[in-house]
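The residues making up each chain are set out below.
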Amino acid sequence: MSTFYKDTRYNGKLVRLEDVIDEVYNRALETIDDSLYELLERKDDDEFYEDYKEAFPLIVEKLQKFHDLED
């Protein structure tokens, strides 16, 4: 059996690793989104939208590169 499907504990409760991955994904998405709103807040709507759309995938790409270096 793959370790991906191995049971793990989260807040003392036995859950599947998939559940932990979903929770971490949701937290990361919220953190990135909140940070972009905070740091881009002084821009007008059009500029904000363009910068947000440009920045978000670049952040994800940097995270992937960081992960790739760990392998």
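Each residue is numbered by its place in its chain's sequence as written, counting from 1. Predicted model: local features are reported for residues with pLDDT of at least 70 only, side-chain atom pairs are reported and counted for 80 or more only, and whole-chain, interface and lining totals are derived from all residues. Each side-chain value is worked out from all heavy atoms of the structure, with water and hydrogens disregarded.

Q: In this structure, what is going on with the confidence of the model for the chain? I would like to understand it.
A: Caution is warranted with low-pLDDT regions, since their predicted coordinates should not be read in detail. Confidence in the prediction of the chain, expressed as mean pLDDT, is 84, and 82% of residues score 70 or more. Confidence of the predictor at the level of single residues is given by pLDDT, which spans 0 to 100. In this description a helix means any DSSP run of H or I spanning at least four residues, a strand means any run of E spanning at least two, and both kinds are numbered starting from the N terminus. The secondary-structure element of the chain with the lowest mean pLDDT is strand E1 (residues 7-10), recorded at 64, while helix H2 (residues 45-70) shows the highest, at 92.

Q: Would you mind showing me how to read the packing of aromatic side chains here?
A: Each aromatic ring pair is described using two quantities: the centre-to-centre distance and the angle formed by the ring planes. A pair of aromatic rings is counted whenever rings of Phe, Tyr or Trp (Trp by its six-membered ring) have centres within 6.5 Å, and the orientation is called stacked for planes under 30 degrees apart, edge-to-face for over 60 and tilted otherwise. For the structure on display, the rule yields 4 aromatic pairs. Both rings, one in Tyr37 and one in Phe48, keep their centres 4.8 Å apart while their planes meet at 45°; by these two values the pair is tilted. Note that Tyr37 is positioned in helix H1 (residues 17-39) and Phe48 in helix H2, a separation of 11 residues in sequence. Each residue's exposure class comes from its accessible area (1.4 Å probe, protein chains only) as a fraction of the maximum for that residue type: buried when under 20%, exposed when over 50%, partly exposed otherwise. A relative accessible area of 44% means that Tyr37 is categorised as partly exposed. The class for Phe48 is buried, based on a relative accessible area of 15%. On the numbers, 5.8 Å between centres and 40° between planes, the contact of Phe48 with Tyr52 is tilted.

Q: Explain the nonpolar core to me, please; I cannot follow it from the model alone.
A: Across soluble globular proteins, nonpolar side chains have a tendency to be buried as a group. Nonpolar core, defined: a set of buried Ala, Val, Leu, Ile, Met, Phe, Trp, Tyr and Cys residues in which side-chain atoms within 4.5 Å join the residues together. In this structure, Ile32, Leu36, Leu40, Phe48, Tyr52 and Phe56 together form the largest nonpolar core, which totals 6 residues. Counting only elements with at least two residues in this core, the list comes to H1 and H2. Discounting residues that sit within four places of it in the chain, Leu40 has contacts with Phe48, Asp51 and Tyr52. Whether two residues are in contact is decided by their heavy atoms: any pair within 4.5 Å suffices.

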